[in-house]
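# A closer look at the structure
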Amino acid sequence: MGELIVFYLLAGIAIATALAMVITRNAVHSALFLVLNLVVVAVFYLLLGAPFVAMVQIAVYAGAVMVLFLFVIMMLGAERVGGATGLRWQAPLAGAMGAALIGGALFAFLQTPAGLAPAGSLPAPLGDPATIGERLLTTYVLPFEITSILLLIAMVGVVVLARDSRSEGK
Amino acid sequence: MVTLTHYLALSAILFGIGAVGFLVRRNALIVFMCVELMLNAAGLAFVAASRYRGLLEGQLTVFFVLTVAAAEVAVGLALMVAIFRTKKTTNVDELSSLRG
Amino acid sequence: MGALFEWSWLIIAFPLLGFLINLISTGQTRERTVGVVASMAAAASFGMSVLVFAALLARPPEARLVEVSLYRWAIVPPLTAEVGLRIDPLSTAMALIVTLVGTLIHVYSIGYMAGDPHIRRFFMFLNLFLASMLLLVLADNFLVLFVGWELVGLCSYLLIGFWFEVPYNAWAGRKAFIVNRIGDFGFTLGLLLLFWTFGTFRYGPIFEAVEHRAVEAGVVTLITLLLFAGVTGKSAQIPLYVWLPDAMAGPTPVSALIHAATMVTAGVYLIARAHPLFAMAPFVQGVVTLIGAVTALWAALIAVGQFDIKRVLAFSTISQLGYMVAAAGAGAVGAAIFHLGTHAFFKALLFLGAGSVIHALEHAHRHPGDPSPFDPNDMRRMGGLAQRMPLTFWTYGIGAAALAGLPPLAGFWSKDEILISLRGIGGWATLAYGLLLGAAFLTAFYMTRQVGMVFAGSPRSHAAAHAHESPAVMTVPLGIFAFFSVVAGWINAPGLGALSAWLEPEHPPVFHPEQALLATLIALAGIGAAWAIYRPQAWPEGVEDPLRPVLRGFFTALTRKLYVDELYDFLFVRPFEKVARGVAEVVEPYGIDGAVNGLARLVQSAAGRVRRWSSGYVRQYGLSVLIGAVLLMFYILWMLR
């Protein structure tokens, strides 16, 4: 019962921060709400027996990535964007579609008996860092290495993209 | 008793909010953040499934998604900076020069 | 012995090899070498034909059929197209005639074409012509026969228009090609119907099915009628004979080849080959016989009014082909092939003789450096050549007598056999018989007229007065042909009957003395009548043709070929041109262009609407994706319900 209360509490925070992120006008606020949301999800990860992913989530996502976001927002001064849009039907249609998506998904999950976890027969949690590290460097060593190459490419790409070509000649 | 369905439902709700935000907001950076939210919602579903199925692969997938997302954010923000430099805006509606 | 038949494809391969050698040889090759290579290729083909013939002869009569499968051309069920050869008495007899006459004409061409700048091209086409005809003759199915048939048509086009610098020659080549195409259209339809009916193109199974009456007679009637359409084109019968007189535009050896060996005989051969089919369609047999006979008389009539030495021979060929077609139509295959063979010899002889005359006149005209235009083919400018060109004169005389049907020359025997075969059938055959008798009279008449105009009397032009005998390379083939023109008829003379025994052992040649007497008398009457009009004493100075005052307007009509060309021009060519112009000026710009442009405009306007979708707004694209995802989700849910 306590579990359920914790879940609903955290879920409420997650949904609230997500909504706030979408609704708030200021991009900096948006980013901060997202940080909150990410932290809550990290807590969920911990509850689900995945401490390693939870730590990565906080360190990489809520930490590094969001700092980058805030940095860019402030550097560009893009807290607010003005100007009217020509897409009149965009917002209502998007809302309707989003609602349909959520509704459909909920309907599907609640309908499917397989979605209901078997009570009391949960396997032991297995997300400790040692196991994951072993798995990453044995079975999934190829995707792991490819990911490292991807990060390298992204790094080079960022350098090329962010370089100010006008200051090149100087 | 918290079941997998709870988590999946939460994941769907977060994903839906992210999707609507992606479509509604005009600030490119917020649009970007909405994408992150959607990725995150998917990650939650993966980890929950991993827990209730007793398989490690769900967590590993989230790990890979995280790295790819990090790379994506880096490149995406670099693009934003480059675009801002020429267009002086981050409003996605003003970036429509590919109109057919 | 069987191994030899496996190599019988060499008969076709030799001329093809000659063609290829001359094709890849450099332009520096001496013209003599080119001719020798081509002639040797033809001679090798003849040698191979003789070997195959001998091998076949060594077999008992009932075993004289060898089918050699060469390779599978295409397998498109239900069609299996195989390239194979059929070695049987008919095909070997044809191959012998074709290669022998072809070889001699090749040799003759070395002399006739000497000095022509395009001699290499000439001999290439000549070899290809021979190879195509041999493919046609030796094929073991209608499809390969058709390939040879079309190749022959192509080569004739290329060679008739050989001197294409003169527009008329190119036009004549086109005319031959197009007129043949009309006939081939029918032929193609016939082939399709044939395949549709029998499920195969091969002679063997088709003839077997016909023998067992496995198909309806009506279908066979239609098939043979369509095949005959092809024959009228290739073998120059009414109504498609008009291309042959204009085929004279080609060099004279080509005319000889076309008339004697490799082109016009194809139609007669086709009737002979498909004889079992024709035998099942008596109606078509009647049509074929009558058309042959009418053509024989009609063309002989026109020949009387011609002044071009080769044109007379051309109409004579049409007329003689009429004889063959009539005989083949009446089922007398042996008689038709017999006449085909003898005709090949004396008609080749006549053409080469005419070529010798033309050659001599051209040189005599050019020699004094006279630049005035001069038609060396015009018989009105000849005369008195008997003294100046004795060899040509004598050989030409033999050929003319053979054609006129004087005994004991070749034409007498074969023509006699055709006439006899038409007797006793009754009905339409009797009519054909009468027509052919009339044609025989006219044949003797126009040949005597020609010999008289060309060789007798005194020269009517400077060139004719200074002509010289042609070189040996030209006169020797003349001699050989003259020899054959005399003796070729004896192989099937009564009592010997070698050709009939070879082709159709069950039908030995018959001989009716009264028939032979009648034919001889008719021939003599023709000669006498012509001589009475055209002998030098009866021919006043300055008169163009002594027959003109006798026949008046009708003679003019004859010289204009009875206005058939004008009639076709009026009936078909002009209306067709009008239709074509109408299409070009109305249908093309408004119909086709309109349709194409309309389609383009339609696409353009559709694109104009679709492009709005591509607004450039990322958010809108995202919405499209989401709508798609939602639809997909609901679809899957609906599927899993």
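The structure this text deals with has already been given above.
Attention here is on the structure that accompanies the text.

## Considerations on the overall build of chain B
Along the backbone of chain B there are 3 helices and 0 strands. In terms of overall dimensions, chain B is more spread out than a globule: its C-alpha atoms have a radius of gyration of 17 Å, far above the 13 Å expected for 100 residues. Dimensions of chain B, computed from C-alpha atoms along their principal axes, come out at roughly 50 × 25 × 25 Å. Among the 100 residues that make up chain B, the fraction classed as buried is 67%. Look at the contacts in chain B between residues 6 or more apart in sequence, and 59% of them connect residues 24 or more apart. Side chains of chain B give 8 positive and 5 negative charges; the mean places of these two sets differ by 5 Å.

## Quick look at the pattern of salt bridges
Residue and element names in this part refer to chain C. Summed over the entire model, instances satisfying the criterion amount to 18 salt bridges over all chains. Among the salt bridges present, the one from R202 reaches E67, with a minimum N-O distance of 3.0 Å. Taken as a pair, R202 in the loop between α7 (167–198) and α8 (203–211) and E67 in strand β1 (residues 66–76) lie far apart in primary sequence, 135 residues in all. The exposure class assigned to R202 is partly exposed, which follows from its relative accessible area of 24%. By relative accessible area, which is 36% here, E67 ends up partly exposed. Across the pair E566 and R560 runs a salt bridge whose closest N-O atoms are separated by 3.1 Å. For E566, a relative accessible area of 33% puts it in the partly exposed group.

## Side note on a nonpolar patch on the surface
Residues and elements named next belong to chain A. A contiguous nonpolar surface patch, about 530 Å² in accessible area, is contributed by V6, V39, V43, L46, L47, M55 and I58. The set of elements that each furnish at least two residues to the nonpolar patch consists of α2 (27–47) and α3 (51–76). If you tally residues by element for the nonpolar patch, the top one is α2, at 4 residues. Within the secondary structure layout, L46 lies in helix α2. On the accessibility criterion, L46 (44% relative accessible area) is partly exposed.

## Some points on the interface of chain B and chain A
Every contact between the two is made by 68 residues of chain B and, on the other side, 86 residues of chain A. Between chain B and chain A, a total of about 7,000 Å² is buried, with carbon and sulfur atoms accounting for 76% of that surface. For the pair chain B and chain A, the interface holds 1 salt bridge. Between A:R135 and B:E57 there is a salt bridge; the shortest N-O distance is 3.0 Å.

## Considerations on helix α28 (residues 618–640) of chain C
With 23 residues, α28(C) should reach 33 Å at 1.5 Å per residue; the first-to-last C-alpha distance of 33 Å fits that figure. Contacts made by the buried residues of α28(C) are with α4 (90–111) of chain A together with α1 (4–24) of chain B.

## Here's the deal with the side chain of C:R619
When you line up the elements, C:R619 lands in helix α28. Polar contacts involving the side chain of C:R619 include one to the main-chain carbonyl oxygen of B:L23, which spans 2.9 Å. A polar side-chain atom of C:R619 sits 2.8 Å from the main-chain carbonyl oxygen of B:V24.

## Comments concerning the nonpolar core
Generally speaking, soluble globular proteins have nonpolar side chains that are buried together. Ranked by internal contacts, the top residues of the largest apolar core, which has 217 residues, are C:V101, C:F142, C:W243, C:L277 and C:L385. Looking at this core element by element, the count peaks at 20 residues for helix α16 (residues 333–366) of chain C. With near-sequence residues (within four places) excluded, C:W243 lies in contact with C:I160, C:K175, C:A176, C:V179, C:N180, C:G233, C:K234, C:A236, C:I258, C:M263 and C:V264. One finds A:A27, A:L136, B:L44 and B:A69 within the second-largest nonpolar core, a separate group that totals 79 residues.

## Things to note about empty space enclosed by the protein
Residues and elements named next belong to chain C. Tallied over the entire structure, the rule returns 4 cavities of 30 Å³ or more. Around the largest cavity, the lining residues are A404, G405, F412, K415, D416, L419, A440, A519 and A523. Elements with a minimum of two residues in the lining of the largest cavity: α19 (410–422) and α24 (513–534). Classifying every residue of the lining of the largest cavity gives 6 nonpolar, 1 polar and 2 charged.

What counts, and at which threshold
- Residues numbered from 1 in each chain as written.
- Chains lettered and ligands numbered in written order.
- Predicted model: local features only at pLDDT ≥ 70, side-chain atom pairs only at ≥ 80, totals over all residues.
- Heavy atoms only, no water.
- Helix = DSSP H or I, 4+ residues; strand = E, 2+ residues; numbered from the N terminus.
- Rg over C-alpha atoms; globule rule 2.2 N^0.38 Å.
- Buried < 20%, exposed > 50% of the residue type's maximum accessible area, 1.4 Å probe, protein only.
- Contact = heavy atoms within 4.5 Å.
- Lys, Arg positive; Asp, Glu negative; His and termini not counted.
- Charge placed at Lys NZ, Arg CZ, Asp CG, Glu CD.
- Salt bridge = Lys/Arg side-chain N within 4 Å of Asp/Glu carboxyl O.
- Patch = residues over 30% accessible without salt bridge, like charges linked within 9 Å, V, L, I, M, F, W, Y side chains within 5 Å.
- Areas by Shrake-Rupley, 256 points an atom, 1.4 Å probe, with all protein chains shown as cover.
- Buried area = accessible area lost by both parts, 1.4 Å probe.
- Expected span 1.5 Å × (residues − 1).
- Polar contact = N/O pair within 3.5 Å; in protein donor to acceptor, adjacent residues only side chain to side chain.
- Core = buried A, V, L, I, M, F, W, Y, C linked by side-chain atoms within 4.5 Å.
- 1 Å grid on protein atoms, 1.4 Å probe; cavity = no way out; pocket = protein on both sides within 12 Å on 5 of 7 lines; lining within 4 Å.
- Points joined across faces, edges and corners; volume = space filled by probe spheres on them.
- Nonpolar A, V, L, I, M, F, W, Y, C, P; charged D, E, K, R; others polar.

These figures capture arrangement, not role.
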